[in-house]
Amino acid sequence: MAEKIPVDLHGAAATMLTTLYLKALDADFDSPVLGDRYAREAVERIDFDWDGLKAHGRWAPLVTVRTAQYDIWARQFLAANPEATVIHLGCGLDARVFRIDPDPRVAWYDIDQPPVIALREKVYPTRPGYRLMATSATDPSWLNEIPADRPVLLLAEGISMYLTEADGVALLQSVVDRFPSGELQIDFYNWFGIRTQKTHRLQRQSGATLHWAVNGPADVLGKVDGIRLLAATNLFDAETFSRVPAGFRRSSLPVRAVSPLRGMLQYHRYAFGRLS
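Residues numbered from 1 in each chain as written. Predicted model: local features only at pLDDT ≥ 70, side-chain atom pairs only at ≥ 80, totals over all residues. Heavy atoms only, no water.

In regular strands, side chains alternate between the two faces of the sheet. A large share of strand 9 (residues 265-272) lies buried, amounting to eight of its eight residues. In strand 9, alternate side chains face the same way, and those of Leu265, Tyr267, Arg269 and Ala271 on one face and Gln266, His268, Tyr270 and Phe272 on the other are all buried. Sheet topology places strand 8 (residues 227-234) next to strand 9; seven bridges connect them, and they run antiparallel. Within the sheet, the bridge partner assigned to Ile227 lies in strand 9 and is Phe272. (Buried < 20%, exposed > 50% of the residue type's maximum accessible area, 1.4 Å probe, protein only. Helix = DSSP H or I, 4+ residues; strand = E, 2+ residues; numbered from the N terminus. Pairing = 2+ DSSP bridges.)

Take a look at the structure:
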């Protein structure tokens, strides 16, 4: 048996362990939302007290609906732009590059903080066209290392809420200004999600603080120049929500009836420049 990989993460980076574990639990469901076998294998390889997270499988749709939706949108982008660049910012331990298995012509960058990238290097293999970058999302220098000669997909899942609004807007604007065309696929918490963060077990466990609230596309369109909206949805209205277990759908009915709760977890997709 291979020796297990130790892990020591704190703050926002630590939240990825719960995210990974919920994806692994989903992979064992009879009818999974995401069905990510890579997450299950990663959990088996990492030396960590997973039971100590107290994360139940019934919570998995809170993560897997979002990830499955962005997998669909990423595949659509790559189908139209087969020689694109993908920037997976705040990648954590997500295995999207392996789930999607893009054409080798795609230049794919997985970017996260140095301790996260060091762990990824031990957990996952490499592949053609794939590069890891260890850096803070808010350090703009990483953009200069990525050639600006192709359409680009910025995929930023589960990161915006940890940024201040100023840093988040500057990040998106920097991407739009550097590349000739592309998409921004990014999720947000609305004001209710930010204000109630102390009630979220995931946030309490990690000690991380949430900052940037986005209540709808207008909040982004009004601050980032040169983008146009392609799609905006939420946990309950995403096309992948139809995959969740019937019990979760029934139990969420009261939440879906309250507007601030229904729109708490938002998934947005924007385009810029001239795309295929």
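Now that the structure has been shown, we can carry on.
Turning our attention to the side chain of Ser160. With respect to the helices, strands and loops of the structure, Ser160 is situated in the loop between strand 6 (152-156) and helix 6 (165-178). Ignoring sequence-local partners within four residues, the contact set of Ser160 consists of Ile186, Asp187, Phe188 and Trp212. (Contact = heavy atoms within 4.5 Å.)

Let us now look at the pattern of salt bridges. One pass over the full model with this rule turns up 19 salt bridges. The shortest N-O distance in the salt bridge between Arg66 and Glu157 comes to 3.0 Å. Of this pair, Arg66 sits in helix 3 (residues 61-80) while Glu157 sits in the loop between strand 6 and helix 6; the two residues are 91 residues apart in sequence, bridging distant segments of the chain. For the pair Arg66 and Glu157, a shared accessibility class is recorded, and that class is buried. When the shortest N-O distance is used, the salt bridge between Arg96 and Asp71 registers 2.6 Å. Taken together, the positions of Arg96 in helix 4 (residues 96-100) and Asp71 in helix 3 put the pair 25 residues apart, joining distant regions of the chain. Three or more residues are tied together by salt bridges with common partners; here these are Lys23, Asp36, Arg66, Asp71, Asp94, Arg96, Arg99, Glu157 and Asp187. (Salt bridge = Lys/Arg side-chain N within 4 Å of Asp/Glu carboxyl O.)

Relative orientation of the contacting elements helix 1 (residues 15-27) and helix 2 (residues 37-45) amounts to 115°, with a least axis distance of 7 Å. Note on packing geometry: the crossing formed by helix 1 with helix 2 is left-handed. Residues Leu20, Tyr21, Lys23, Ala24 and Ala27 of helix 1 form the contact with helix 2, whose participating residues are Arg37, Ala39, Arg40, Ala42 and Val43. (Axes fitted to C-alpha atoms, helices over the stretch in contact; angles between N-to-C directions. Left-handed = near helix turned anticlockwise from the far one by under 90°.)

With that out of the way, let us pick up the sheet that holds strand 4 (residues 107-112). Taken in spatial order, the seven strands line up as 5-4-3-6-7-9-8 in an open sheet, and their pairing is mixed. At either end of the open sheet lies a strand with only one pairing partner, and these are strand 5 (130-134) and strand 8. The average undirected angle you get between the axes of adjacent strands in this sheet is 15°. Pairing geometry for strand 3 (residues 85-89) and strand 4, over five bridges, is parallel. Bridged to Val86 within strand 4 is Trp108. Contacting strand 4 and strand 5, helix 5 (residues 114-123) runs over the sheet at an angle of about 145° to strand 5.

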